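Take a look at the letters that make up each chain.
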Amino acid sequence: MEKNSNTLHYRHCILHLFHCGVSASKAYKTIRETYGSDSVNHNTCRRWYRKFQVGNFELKDEKRCGRPHEILDYDLEELVEQNPNMSMQELGRMLGVNRSTISRRLAALGFKPKPKKRRKLQEEEEEEAEESQ
């Protein structure tokens, strides 16, 4: 069974065991014995039991607060393709997000960071390239 696709099923199992009067620890053990060691963890069972104990039986994920993704991967990919030497800071300025957001999105898209060169070494290489032309 896939972990992500069965999350709601595991929550139903936890709720059922809660209604049967089973403790959170016993529910954890029962679910892991039935579905395997990668099904749920102990803290997850305890967190759901705390929700049930206060009368919250909603099993779907609640909306999270926080900023949604403000940039589309397509926009970022397009900018990188247009100018692959653009820094993450420059990309962030153009898209209105910070450098760490650009870094995470590029990593998620499979882009590998280029090794950093010292500015002086890079300038020397550029000068050599100009002289050889």
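Given the structure is predicted, the values throughout are model-derived calculations rather than measurements. (Residues numbered from 1 in each chain as written. Predicted model: local features only at pLDDT ≥ 70, side-chain atom pairs only at ≥ 80, totals over all residues. Heavy atoms only, no water.)

Student: What exactly am I supposed to notice about the packing of helix α4 (residues 73–82) against helix α5 (residues 88–95) here?
Tutor: The interhelical angle for the contact between α4 and α5, taken along N-to-C directions, is 130°, at an axis separation of 11 Å. In this view, α4 runs oblique relative to α5, as classed from their interaxial angle. Seen along the crossing, α4 lies across α5 with a hand that is right-handed. Residues Asp-75, Leu-76, Leu-79 and Val-80 of α4 form the contact with α5, whose own contacting residues are Leu-91, Met-94 and Leu-95. Of the residues belonging to the contact of α4 with α5, the class tally is six nonpolar, no polar and one charged. (Axes fitted to C-alpha atoms, helices over the stretch in contact; angles between N-to-C directions. Helix = DSSP H or I, 4+ residues; strand = E, 2+ residues; numbered from the N terminus. Parallel < 35°, antiparallel > 145°, perpendicular 65-115°, else oblique. Left-handed = near helix turned anticlockwise from the far one by under 90°. Contact = heavy atoms within 4.5 Å. Nonpolar A, V, L, I, M, F, W, Y, C, P; charged D, E, K, R; others polar.)

Student: Please explain the packing of aromatic side chains as it appears in this structure.
Tutor: Two aromatic rings, taken as a pair, are described by how far apart their centres are and by the angle between their planes. Evaluation of the coordinates by the stated rule reveals six aromatic pairs. Both rings, one in Phe-18 and one in Phe-52, keep their centres 5.4 Å apart while their planes meet at 55°; by these two values the pair is tilted. Of this pair, Phe-18 sits in helix α1 (residues 7–19) while Phe-52 sits in helix α3 (residues 42–53), and the two are 34 residues apart along the sequence. Across the pair, exposure class does not vary: Phe-18 and Phe-52 are buried alike. Ring pairs connect the aromatic residues Phe-18, Trp-48, Tyr-49, Phe-52 and Phe-57, which therefore count as one cluster. (Phe/Tyr/Trp six-rings, centres within 6.5 Å; stacked < 30°, edge-to-face > 60°. Buried < 20%, exposed > 50% of the residue type's maximum accessible area, 1.4 Å probe, protein only.)

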